[in-house]
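What follows is each chain in one-letter form.
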Amino acid sequence: MLRIVVLGAAAGGGLPQWNCGCQVCRSARQHPRLQSTQASIAISADDEHWFLINASPDLRQQLTATPRLHPKAGHLRHSPIAGVILTNGEVDAVAGLLSMREGSPFTIYAHARVLAILRSNSIFNVLNENSVKRKAIDMDKTFELKLPDGSGSDIEVRPFAVAGKGAWYLEGTTEGGDADGDTLGLRIADKITGQYFYFVAACAQVTPDLKKRIAGAPLVFFDGTVWRDDELIAAGLGTKTGQRMGHISMSADNGAIAALAELGIARKIFLHINNSNHALLPESAERKTLEQAGWQIPADGTEVIL
Ligand SMILES: [Zn+2]
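Notes on the structure follow. Not measured: the values here are computed from a predicted model. (Residues numbered from 1 in each chain as written. Predicted model: local features only at pLDDT ≥ 70, side-chain atom pairs only at ≥ 80, totals over all residues. Heavy atoms only, no water.)

## Notes on the overall build of the chain
So, point 1. Of the regular secondary structure elements, the chain holds eight helices and 14 strands.
So, point 2. Compactness check: the chain gives a C-alpha radius of gyration of 18 Å against a globular reference of 19 Å for 306 residues, within 12% of the reference.
So, point 3. If you line up the chain on its principal axes, its C-alpha atoms span 50 × 40 × 40 Å.
So, point 4. For the chain, the proportion of its 306 residues judged to be buried stands at 51%.
So, point 5. A fraction of 66% describes how many contacts in the chain between residues 6 or more apart in sequence connect residues 24 or more apart.
So, point 6. Surface accessibility of the chain: about 13,500 Å² in total, with carbon and sulfur atoms responsible for 50%.
So, point 7. Measuring between centres, the 30 positive side-chain charges of the chain sit 2 Å from its 32 negative side-chain charges. (Helix = DSSP H or I, 4+ residues; strand = E, 2+ residues; numbered from the N terminus. Rg over C-alpha atoms; globule rule 2.2 N^0.38 Å. Buried < 20%, exposed > 50% of the residue type's maximum accessible area, 1.4 Å probe, protein only. Contact = heavy atoms within 4.5 Å. Areas by Shrake-Rupley, 256 points an atom, 1.4 Å probe, with all protein chains shown as cover. Lys, Arg positive; Asp, Glu negative; His and termini not counted. Charge placed at Lys NZ, Arg CZ, Asp CG, Glu CD.)

## Comments concerning the sheet that holds strand S2 (residues 40-44)
Within a sheet, neighbouring strands are paired by backbone hydrogen bonds and run either parallel or antiparallel to one another.
So, point 1. One open sheet accounts for seven strands, arranged S6-S5-S4-S3-S2-S1-S14; its pairing is mixed. Where the open sheet ends on each side, the last strands, each with one partner, are strand S6 (132-136) and strand S14 (303-305). Here the average twist between neighbouring strands, direction ignored, is 20 degrees.
So, point 2. As paired elements, strand S4 (residues 81-85) and strand S5 (residues 106-110) share three bridges and run parallel to each other. (Pairing = 2+ DSSP bridges. Axes fitted to C-alpha atoms, helices over the stretch in contact; angles between N-to-C directions.)

## Here we look at the coordination of the zinc ion
Four donors placed tetrahedrally around a metal ideally meet at 109.5 degrees, and six donors placed octahedrally ideally meet at 90 or 180 degrees.
So, point 1. Around the zinc ion, the donor atoms from the protein are Cys 20 (SG), Cys 22 (SG), Cys 25 (SG) and Asn 275 (OD1), and they sit 2.3 Å away.
So, point 2. Considering all four donor atoms around the zinc ion, angles at the metal cover 98 to 118 degrees and the coordination shape is tetrahedral.
So, point 3. Written as a sequence motif, the donor arrangement for the zinc ion is C-x1-C-x2-C-x249-N. Placement of Cys 20 in the loop between strand S1 (3-8) and helix H1 (23-30) and of Asn 275 in the loop between strand S12 (268-271) and helix H8 (285-292) is noted, with a sequence separation of 255 residues between them.
So, point 4. A relative accessible area of 2% means that Asn 275 is categorised as buried. (Donors = N, O, S within 2.8 Å, 3.2 Å for Na, K, Ca; no water. Tetrahedral: all angles 85-135°; square planar, octahedral: opposite > 155°, others 65-115°.)

Structure follows, in structure tokens:
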């Protein structure tokens, strides 16, 4: 059995974002139930050992809010977190690692390009490599997540390349430039039951290859950053389109809702939703449209069992 906890559903900045006075952020300050931390999920096959997919800057708050991820009773120092899988090198995917620096052992799984980012930023040396192992993962090679004693977790992961962008803060540097490995999708499966789901929280385009992979899946978490491509520009919040940021829009003919409509996916959940996106407001026309199309926006703490 795979147990999934949505630790956070928002894109970088969270909801509300500290310096944002847009309508969605203002509503979230007024109605705390709308607030959301930055995107990450936790998964477990045994309800005892857990793995995070991405470590958001809100990780400390997310762990405090999630009893399953608290230290086991009777232990002075303990964490049920056995590993973190990174799907890209953006701040909202890696900064939470810095909150995991108190000596507990775990493994970081990431593509070599993302491991290189960690290596070249010396602040990540607070994660001592004697206790925090860093393991490179390859595209289209299935591997099993390991428990701290080296035994198998019964969770198998198959990373694959999706259309995306390299980390923003590397643009224009020698480490920058977009390449395969910058943005990963993951197929995550329970080795015992065979149940599986897909995690594609950053994606610029739904290609025929991606459609083929995810068709018929029981569950897909998918990039929900913006409702429309020019949303940040239209709202006066920024100068970049969703595409320029490496993110597909929810709406439009080539958006996520249309692209995944006929694929026979049983459950579709948006993740990484930017605070400019009015679909975050429960009464909005955008939310109604996506719900009618069979999509959900999860509240932080939402649990899914497969
Ligand atoms: Zn905002």
